[in-house]
Structure formats: structure tokens, C-alpha cells
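Here is what each chain is made of, one letter per residue.
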Amino acid sequence: MRRDGVERNHMHDPDKFAAVSDNFIYVHRALRCDLARIMAGGAGLFVQDFPRFARILAKHTELEDELFFPALEERAPGATVLTNGPHAEIEALAGELGELAAGPGAELNATVLHEGLTRLGTALEVHLAEEEEAVMPAMMEHFSARELWALDGRIMEFCSPEFMAEMLPWWFIHMNAADRVAVAGNMVVGVAPEALPMLARCIVAGLPAQDWAQLSGRVPALAGGVE
Ligand SMILES: [Fe+2]
Ligand SMILES: [Fe+2]
């Protein structure tokens, strides 16, 4: 049922959907995918990969709190209030887990780790679903497609080159082939042309060659700056 509302809006205005889908669909899916992988991977993988997950989650939350949600609040006061508590709770849970990951390995208790990751996973899932069901439709309702693309285009202002070099490979690794094509297609539309080669090089760096070949075949404009 949840998907119906999203699909209806998609049918209604595919350009608006495309402009909000990177933040509300495709990053959310990669976050779920990576956290599930970390939860299944044991202490070693947790120590190695949780800090990156936490950095990317924190930036995602920062972009919502600093860029997307203040803009929406101006048009629809109260539309993002439901995200305030979960953002604080999720950052606190991720912070505690980040300290565990940075501490001495001998202190990693499997039960504590499992409980912490489960709490984070549960809180995150409820929160992401709420954003997808309530906030994303409000974004599409209160902004034109051009305004949504303009907001999307400001993301780079908040991200250092170092962050992009970490985030982009992570994102494309933790998406399926169809989602990669959608995100790459959005980049080609939403990102300044001069920035595309740098983004494409970051993506190439993380993807297995066959996945890059498949993606660049479907979105040649992304691949143009690399080859
Ligand atoms: Fe959020
Ligand atoms: Fe989100």
C-alpha cells in the first residue's frame, strides 16, 4: 500500500519524482542495504565499515536538516516536524555505535553490538518510511519540478570532494543495476556538466568493471567524461 502513493505521484509528475528520488528513494535504499550487510557481517566488518556508514548517514541527515527541510518548512510549516525526534535519536544511536567501532576490539561484545545495531536499524527503518510516505510527497506538492532540481543541485555545496569520493562509490555499490541507471540519469540532468567527469571517476573507482560497462552503456552522458 505504501508504494501506491509514491507510484501515483510518480505517474502524476515524473519530473518531480526524479528530482526528489535521489534523496528519498535511492540513498534510503543504499542505507538500508549497507546496514543490513553490516548487521550480517560480524564484528570485523562492523569495525571496518560502520564508520563510513555513519558518516554518510550523518551527511544525509544534515542535508535534510540544513537544505531540504527548511525550504519545505517555509512553504508548509510543520511538514517536517515528525523528523526532528528520529534524527536526534538516530544520530545518538549511530554515535554510540561509532564509539564502539573506534574502541579497542576486545571491548566489542557481540550481544551489545547486535542490540545496538538492531535498535539503530529499527529506528532508521521507521524514520525512512515516514519520510518516504509523508515528507517526499509534501516536497512534490509544494515545489515545482524546477525548484526541486534547484534544491538537488545545491547538495554539492554541503559536500567536500573527500566526502563525494567516499560516498559515490559506496552509493553505487549498494544499489541494484536499475537504481544505478536512475541515479546516473538524475545526475546527468541535475549536476553541472563540468562536475560530471569527477563524479563519474568516483563511481568507476568503486564498481566492478562489468557493472560500470552496463551502467555507462545505459547512461552514456555520465561515461563521456571518463573514457
Ligand atoms: Fe532523515
Ligand atoms: Fe532521509
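Residues numbered from 1 in each chain as written. Chains lettered and ligands numbered in written order. Predicted model: local features only at pLDDT ≥ 70, side-chain atom pairs only at ≥ 80, totals over all residues. Heavy atoms only, no water.

How should the coordination of the iron ion (ligand 1) be read in this particular structure?
Each pair of donors in an ideal four-coordinate tetrahedral metal site encloses 109.5 degrees, whereas pairs in an ideal six-coordinate octahedral site enclose 90 or 180 degrees. At 2.1 to 2.2 Å from the iron ion (ligand 1) lie its protein donor atoms, namely Glu64 (OE), His87 (NE2), His127 (NE2) and Glu131 (OE). For the iron ion (ligand 1), the four donor atoms in the first shell make angles of 81 to 164 degrees at the metal, a pattern classed as irregular. One chain supplies every donor to the iron ion (ligand 1), and in sequence these donors are spaced E-x22-H-x39-H-x3-E. In this model, the iron ion (ligand 1) sits 3.3 Å from the iron ion (ligand 2), the two metals being bridged by Glu64. One end of the pair, His87, is in helix 3 (residues 84-102); the other, Glu131, is in helix 4 (residues 110-142), and 44 residues separate them in sequence. The class for His87 is buried, based on a relative accessible area of 4%. (Donors = N, O, S within 2.8 Å, 3.2 Å for Na, K, Ca; no water. Tetrahedral: all angles 85-135°; square planar, octahedral: opposite > 155°, others 65-115°. Helix = DSSP H or I, 4+ residues; strand = E, 2+ residues; numbered from the N terminus. Buried < 20%, exposed > 50% of the residue type's maximum accessible area, 1.4 Å probe, protein only.)

What's the story with the side chain of Asp22 in this structure? I'm lost.
Inspection of the secondary structure puts Asp22 in helix 2 (residues 14-75). Despite its burial, Asp22 pairs with no opposite charge, the nearest such side chain being Arg29 at 10 Å. Residues within four places of Asp22 in sequence aside, it is in contact with Val27, Asp152, Trp171, Val183 and Asn186. (Lys, Arg positive; Asp, Glu negative; His and termini not counted. Salt bridge = Lys/Arg side-chain N within 4 Å of Asp/Glu carboxyl O. Contact = heavy atoms within 4.5 Å.)

Can you help me understand the nonpolar core in this one?
Where a protein is soluble and globular, its nonpolar side chains tend to be buried together. In terms of nonpolar packing, the biggest core is built from 73 residues, with Phe50, Met139, Trp171, Phe172, Met187 and Leu215 touching the most fellow members. Residue contributions to this core peak at 24 residues, all from helix 2. Residues in contact with Phe172, not counting those within four places in the same chain, are Arg180, Val183, Ala184, Met187, Ile203, Leu207 and Leu215. (Core = buried A, V, L, I, M, F, W, Y, C linked by side-chain atoms within 4.5 Å.)

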